[in-house]
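# Structure at a glance
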Amino acid sequence: MTNTQRVNVGKQHPAAYKALIALSAEVEEAAAAAGLDPLLVELLKIRTSQINGCAFCLRMHTRDALKKGETTDRITVLPGWAETGYFSETDRAALRLTEAITRVPDGHVSDKDYSAAAAVLTADQVSAVAWLATVMNAFNRVAITSRYPVGG
């Protein structure tokens, strides 16, 4: 990291940041209404932040997940979720779709990834997962661009 002073884009344009927060709240409500487990929602936020390398969001959502009752085992193995027995079919479908959305530059959301998710998740759940990934990617980019401080 450099010592370059960064503009905090959330503070520079607070109305835009407030709109992102409002969108996030709307998406959280949609996820709950779609029947997505609140622990899964936090894991999706963590996984997105892992892929994007957003330390600020990783710290925040790991703490949130632990407060909500998530296990350290599931959080620890999250980058290797596909190789563990810790995650349900629903969890796996949501994680796969979230990763595909987050990695759009690697080849967009393939029909294979989308179909795998749609075979397990309802239309409301697919949409909620897509919106969760979209919002979390936006927050990651705000925090990374602004270099939100983490640790000493």
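Above this text sits the structure in question.
Scope of this entry: the structure provided in the associated data block.

Parameters at a glance
- Residues numbered from 1 in each chain as written.
- Predicted model: local features only at pLDDT ≥ 70, side-chain atom pairs only at ≥ 80, totals over all residues.
- Heavy atoms only, no water.
- Axes fitted to C-alpha atoms, helices over the stretch in contact; angles between N-to-C directions.
- Helix = DSSP H or I, 4+ residues; strand = E, 2+ residues; numbered from the N terminus.
- Parallel < 35°, antiparallel > 145°, perpendicular 65-115°, else oblique.
- Left-handed = near helix turned anticlockwise from the far one by under 90°.
- Contact = heavy atoms within 4.5 Å.
- Nonpolar A, V, L, I, M, F, W, Y, C, P; charged D, E, K, R; others polar.
- Patch = residues over 30% accessible without salt bridge, like charges linked within 9 Å, V, L, I, M, F, W, Y side chains within 5 Å.
- Areas by Shrake-Rupley, 256 points an atom, 1.4 Å probe, with all protein chains shown as cover.
- Salt bridge = Lys/Arg side-chain N within 4 Å of Asp/Glu carboxyl O.
- Buried < 20%, exposed > 50% of the residue type's maximum accessible area, 1.4 Å probe, protein only.

### Topic: the packing of helix H6 (residues 89–102) against helix H8 (residues 123–146)
Close contact between H6 and H8 brings their axes to 9 Å; oriented N to C, the two are set at 45°. By the angle between their axes, H6 is oblique relative to H8. H6 and H8 meet at a crossing whose hand is right-handed. Between H6 and H8, the contacting residues are Ala94, Leu97, Thr98, Ile101 and Thr102 on the first element and Val126, Val129, Ala130, Ala133 and Asn137 on the second. Residue composition of the contact of H6 with H8, grouped by class: seven nonpolar, three polar and no charged.

### Some details on a nonpolar patch on the surface
Residues Val104, Val109 and Tyr114 make up a contiguous nonpolar surface patch of roughly 220 Å² in combined accessible area. Its location among the elements puts Val104 in the loop between H6 and helix H7 (111–118). Residue classification places Val104 among the partly exposed positions, given a relative accessible area of 31%.

These results come straight from atomic positions and should not be treated as a statement about function.
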